[in-house]
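# Examination of the molecular architecture
Each chain, letter by letter, is given below.
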Amino acid sequence: MNVEFLVNQELNDGRQLFITEKEFKKAAKNEDEFNSFAFATECFFSYYGLDTFINAREYEIIRQELTAGGAVIITVIEEKYPRSCFPEVYVSNHNRLKKVEI
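Residues numbered from 1 in each chain as written. Predicted model: local features only at pLDDT ≥ 70, side-chain atom pairs only at ≥ 80, totals over all residues. Heavy atoms only, no water.

## Re the pattern of salt bridges
- On inspection of all chains with the given rule, the structure shows seven salt bridges.
- Two residues, Glu60 and Arg63, come together in a salt bridge whose shortest N-O distance is 2.8 Å. On the criterion of helical spacing, the pair formed by Glu60 and Arg63 is a turn pair, its members being three residues apart in helix α3 (residues 56-65).
- In this structure Glu60 comes out as partly exposed when scored by relative accessible area, which is 28%.
- For Arg63, a relative accessible area of 28% translates into the label partly exposed.
- The residue Lys99 makes a salt bridge to Glu88 at a minimum N-O spacing of 3.2 Å. Separated by eleven residues along the polypeptide, Lys99 in strand β5 (residues 96-100) and Glu88 in strand β4 (residues 84-93) bring together distant segments of the chain.
- The exposure class assigned to Lys99 is partly exposed, which follows from its relative accessible area of 38%.
- Within this structure, Glu88, Lys99 and Glu101 form a network of salt bridges that share partners. (Salt bridge = Lys/Arg side-chain N within 4 Å of Asp/Glu carboxyl O. Helix = DSSP H or I, 4+ residues; strand = E, 2+ residues; numbered from the N terminus. Buried < 20%, exposed > 50% of the residue type's maximum accessible area, 1.4 Å probe, protein only.)

## Digging into the confidence of the model for the chain
- For the chain, mean pLDDT is 88; residues scoring 70 or higher make up 92% of the total.
- Of all secondary-structure elements in the chain, the lowest mean pLDDT belongs to strand β1 (residues 4-6), at 80, while α3 reaches the highest, 96. (pLDDT = per-residue confidence, 0-100.)

## Quick notes on the nonpolar core
- Counting 22 residues, the largest nonpolar core has Phe24, Phe37, Ile62, Val72 and Ile74 as the members making the most contacts within it.
- Sorting the residues of this core by element identifies β2 (16-20), α2 (31-47), α3, β3 (71-79) and β4 as the ones contributing at least two each.
- Among the elements that make up this core, the one with the highest residue count is α2 (six residues).
- Leaving out residues up to four positions away in the same chain, Ile62 has contacts with Phe24, Ile54, Val72, Val89, Val91, Val100 and Ile102. (Core = buried A, V, L, I, M, F, W, Y, C linked by side-chain atoms within 4.5 Å. Contact = heavy atoms within 4.5 Å.)

## Examining α2
- With 17 residues, α2 should cover 24 Å at 1.5 Å per step; its first-to-last C-alpha distance of 24 Å lies within 8% of that length.
- Within the sequence span of α2, burial applies to Glu33, Phe34, Phe37, Ala38, Ala40, Thr41, Phe44 and Phe45. Viewed along the axis of α2, the buried residues span an arc of 160 degrees, placing them on a single side of the element. Of the exposed residues in α2, the ones pointing more than 90 degrees away from its buried face are Glu31, Asp32, Phe39 and Tyr47.
- The inward-facing, buried residues of α2 contact β1, β2, α1 (21-26), α3, β3 and β4.
- Residue Gly49 follows α2 closely and has a positive phi angle near 85 degrees. (Expected span 1.5 Å × (residues − 1). Arc of directions from axis to C-beta.)

## A closer look at the sheet that holds β3
- Strand order in the open sheet made by the five strands is β1-β2-β3-β4-β5, with antiparallel pairing throughout. With one partner strand each, in any of the chains shown, β1 and β5 form the two edges of the open sheet. Neighbour-to-neighbour, the strand axes of the sheet open up by a mean angle of 30 degrees, direction not taken into account.
- When β4 meets β5, the two strands line up antiparallel, connected through five bridges. (Pairing = 2+ DSSP bridges. Axes fitted to C-alpha atoms, helices over the stretch in contact; angles between N-to-C directions.)

Below, the structure is given as structure tokens:
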């Protein structure tokens, strides 16, 4: 699976994974592709101190929100007071961002 780690971007200081719809949907039918996706999210989250990854149930929720030609954007939000970090997932369908509740 081709996953882009974006840096120096305007949205959330560049803390993002970007996955095209075509690449993202590869993981639906291929266990190796899903494991690659899960590993990428685990590495991304652990870099920011989170001990989590996106599991198969959460993957399906995201996949159902994604339309042809879209993209998935996964980001880490950091709050200063109280200090905490948490992931957020968005889909971009027809250039419109939609937050996905997982």
